[in-house]
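Letter by letter, the chains look like this.
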Amino acid sequence: MPYVRQIVAEKANIINHNKKIYGSFAEIGAGQEVVNYFFKAGRASGTVAKSMSAYDMIFSDLIYGKAGRYVCEKRLSQMLNHEYSLLENRLKKTRGKNTCFFAFADTVAVSTLKKDHMSSHHGWMGVRFQSKPLKKYDEILLHVNLKDRTRLQQYEVLGVLGVNLIYSAFYEKKTASALVSSLVDNFEKNRIEIDLIKCQGPSFSKLHTTQLNLELMKQGLTPIVVLNPTAQSPLDVFYEKPMVLHTSTISPIKKPKALSFQLTRQLQPSIKNQIVHNTNYWYELKKALRQYTSKELHFCLSENEFKKFISEKTYPDHTLIQVMGKFFDKKTKLYVKKPRSSKKSSFVQWLEKEGKVQWV
C-alpha cells in the first residue's frame, strides 16, 4: 500500500478522535511544542491525560532521578519509565481494558550559536505505547540534530516531529520505510537530522535496529549511521574523541587513545564499529563528523583513493584548493599507502610539507 501523507493538524485530529488512545506528555527544554498540536486540534481531553514540563533541573532530578546530563538517552528513558508507570498505576483498573496507553517524552537543547563541532541544538524524543489494550508496550526512541538557525524554527520542527512520531507509533509502523517516511511529514528534510532510531517491543519483532537506521540514511535524514553492538547515537559514540577512519578491514595506523572505525557505503553486518555513509566526498564526511568532535580525525586512504582525492575531475563544482580548504583543518590528517612511483606532483609535495599527508 503506498504511503499517504497527512498534514500535522490532521494527524493530531485523528489521534484525538481515536477513543482508545490516551496518554501523557513530558517535555523538557525546547521541546514544549508537541502537546500544543493536540490541544489546538480539539477534543484533546480524549487523548491527553497529563502534560508537564519539569524545566528546572532540581525539579527534574526529583521527579525522574539524576542522569548526569539533561539531554541524553538516559534522561529520556527515565522520563518514559516514570510517566508510563504513572498511567498504568492510576488508570489501568478503570480504563485499561479499552485503552492503548502511551507516554511521550522529549528533552531538547537549542542554540543559535554556531560551532565547528558538536551542535548544541539537538535532542532525544521517544514514545512508549500499547498497540492493543492490556498488551506489553512498544517503544520508539530518536536522536535528532536541529539544523534551523533560529529558536522559533527549531521549536516548530520539534512540534511537527513529535506529532509525526506519535502518529507513526499507532498507524505507520509495519515497515521501516513507512515508519521513517511518516516521521518527516510536513517539513523539509534539511531542517533536521535523525541519526539514530531505536525500536523495541512486540510490534517491532521483524524490524531490526540496523535496518531502521539504514532507512534513515536511505531517505536522506542522516549522512552517517554507526553500527555497533550497543546501538548508540553518533553523539554518544564520537563525542569529543579522536578517531581513525579507514576503508579496509585493517587500519594501517594505530592511535592508542583514538577510536577506530571502518568506513563503508555498503552493509557488512559482521564488522563491528562501522560507519556507513552516503556522502560523495571526503570533505562531506569530515563535516558530518565535526558535529560531534573537535578532536583529531585520521583518514586512511589507499593509493587509488588518494589519487581520486587530489584529482580536479573528482569535483565538478569546486576547485581543488576549495576542496582542500573544506577538508583540512588543524586536527584533520591523511594517512596514505606509500605510492609505487617516487614521482610526486608539486601539489602532493606541498601537502607533505604542510604536514597534511603522511605515508604509511
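Up top you'll find the structure we're talking about.
Quantities reported herein were computed from a predicted structural model and do not represent experimental measurements. (Residues numbered from 1 in each chain as written. Predicted model: local features only at pLDDT ≥ 70, side-chain atom pairs only at ≥ 80, totals over all residues. Heavy atoms only, no water.)

Peer 1: What should I look at first to understand the overall build of the protein in this one?
Peer 2: For the protein, the helix and strand inventory stands at 12 helices and 13 strands. For 360 residues, the compact-globule formula gives about 21 Å, and the C-alpha radius of gyration of the protein, at 23 Å, lands near that figure. Considering the protein as a whole, with its 360 residues, one finds that 51% of them fall into the buried category. Expressed as a percentage of contacts within the protein between residues at least 6 apart in sequence, the contacts between residues at least 24 apart total 65%. Carbon and sulfur atoms make up 52% of the accessible area of the protein, which amounts to about 18100 Å² in all. Averaging the coordinates of the 56 positive side-chain charges in the protein and doing the same for the 31 negative ones gives two points 5 Å apart. (Helix = DSSP H or I, 4+ residues; strand = E, 2+ residues; numbered from the N terminus. Rg over C-alpha atoms; globule rule 2.2 N^0.38 Å. Buried < 20%, exposed > 50% of the residue type's maximum accessible area, 1.4 Å probe, protein only. Contact = heavy atoms within 4.5 Å. Areas by Shrake-Rupley, 256 points an atom, 1.4 Å probe, with all protein chains shown as cover. Lys, Arg positive; Asp, Glu negative; His and termini not counted. Charge placed at Lys NZ, Arg CZ, Asp CG, Glu CD.)

Peer 1: Where do I start with the packing of helix 9 (residues 282–289) against helix 11 (residues 320–327) in this structure?
Peer 2: Two measures define how a pair of helices packs: the angle their axes make with one another and the distance between the axes. Contact geometry for helix 9 and helix 11: axes closest at 8 Å, N-to-C directions at 25°. The angle between helix 9 and helix 11 falls in the class roughly parallel. Viewed along their axes, helix 9 and helix 11 form a crossing whose handedness is left-handed. Contact residues: helix 9 offers Trp282, Tyr283 and Lys286, while helix 11 offers Val323, Lys326 and Phe327. A breakdown of the residues in the contact of helix 9 with helix 11 according to their chemical character gives four nonpolar, no polar and two charged. (Axes fitted to C-alpha atoms, helices over the stretch in contact; angles between N-to-C directions. Parallel < 35°, antiparallel > 145°, perpendicular 65-115°, else oblique. Left-handed = near helix turned anticlockwise from the far one by under 90°. Nonpolar A, V, L, I, M, F, W, Y, C, P; charged D, E, K, R; others polar.)

Peer 1: Before we go on, may I ask you to explain the pattern of salt bridges in this structure?
Peer 2: Two side chains with opposite charge may pair up if their charged atoms get near one another. Summed over the entire model, instances satisfying the criterion amount to 13 salt bridges. One salt bridge in this structure joins arginine 75 and aspartate 61, with 2.6 Å as the shortest N-O distance. Of this pair, arginine 75 sits in helix 4 (residues 73–95) while aspartate 61 sits in helix 3 (residues 57–64), and the two are 14 residues apart along the sequence. Judged by its relative accessible area of 0%, arginine 75 is buried. Notably, a salt bridge pairs arginine 191 with glutamate 156, separated by 2.9 Å at the nearest N-O pair. You can see arginine 191 sitting in the loop between helix 6 (176–183) and strand 6 (192–200) and its partner glutamate 156 sitting in helix 5 (residues 151–171), a full 35 residues away along the chain. With a relative accessible area of 12%, arginine 191 lands in the buried category. (Salt bridge = Lys/Arg side-chain N within 4 Å of Asp/Glu carboxyl O.)

Peer 1: Help me understand the nonpolar core in this model?
Peer 2: A general tendency of soluble globular proteins is for nonpolar side chains to be buried together. In this structure, Ile140, Ile166 and Ile194 are the most contacted members of the largest nonpolar core, which totals 47 residues. Considering each element in turn, this core owes the most residues, 10 residues, to helix 5. With residues up to four places along the chain from it excluded, the contact list for isoleucine 194 reads Leu142, His143, Val144, Leu161, Leu183, Val184, Leu216, Leu221 and Thr222. Of all hydrophobic cores here, the second largest spans 34 residues; its members include Val237, Ala288, Met324 and Phe327. (Core = buried A, V, L, I, M, F, W, Y, C linked by side-chain atoms within 4.5 Å.)

Peer 1: Looking at this model, I keep getting lost on the packing of helix 1 (residues 8–16) against helix 5. Mind explaining?
Peer 2: Direction vectors running N to C along helix 1 and helix 5 enclose 45°, while the axes themselves pass 9 Å from each other. Relative to helix 5, helix 1 is oriented oblique. Where helix 1 crosses over helix 5, the handedness of that crossing is left-handed. For the pair helix 1 and helix 5, contact is made by Val8, Lys11, Ala12, Ile14 and Ile15 and by Val160, Val163, Asn164, Ile166, Tyr167 and Tyr171, respectively.

Peer 1: Quick question: what am I supposed to make of the sheet that holds strand 7 (residues 224–227) here?
Peer 2: Each strand in a sheet pairs with another by means of backbone hydrogen bonds, the pair being arranged parallel or else antiparallel. Read across the open sheet, the seven strands follow the order 7-10-9-8-11-12-13; overall the sheet is mixed. Either end of the sheet is taken by a strand with one partner, and the two such strands are strand 7 and strand 13 (357–359). Ignoring which end each strand starts from, the neighbouring axes of this sheet average 25° apart. Bridging between strand 8 (residues 243–246) and strand 9 (residues 259–264) involves four bridges; their strand directions are parallel. Looking at the pairing, valine 244 lines up with serine 260 of strand 9. (Pairing = 2+ DSSP bridges.)

Peer 1: Looking at this structure, I do not really get the environment of serine 248. What am I missing?
Peer 2: Checked against the element boundaries, serine 248 lands in the loop between strand 8 and strand 9. Spatially, the C-alpha atom of serine 248 lies 17 Å from that of phenylalanine 309, the residues being 61 residues apart in sequence.

Peer 1: Explain the sheet that holds strand 2 (residues 48–52) here, please?
Peer 2: Strand order in the open sheet formed by six strands is 2-1-3-4-5-6, with mixed pairing between adjacent strands. The open sheet has two free edges, formed respectively by strand 2 and strand 6, since each of these has just one partner strand. On average, each strand axis in the sheet is inclined to that of its neighbour by 10°, with strand direction left out of account. Here strand 3 (residues 100–109) pairs with strand 4 (residues 122–129) via eight bridges, running antiparallel. Each residue of the ladder has a partner; that of threonine 107, found in strand 4, is tryptophan 124. Each of strand 5 (138–146) and strand 6 is contacted by helix 6, which is oriented at about 135° to strand 6, the strand it contacts most.

Peer 1: What exactly am I supposed to notice about the pairing of strand 4 here?
Peer 2: The two faces of a sheet get side chains in turn, since along a regular strand they alternate between them. Most of strand 4 is tucked away: eight of the eight residues are buried. Going residue by residue along strand 4, you find His122, Trp124, Gly126 and Arg128 tucked away on one face and Gly123, Met125, Val127 and Phe129 tucked away on the opposite face as well.

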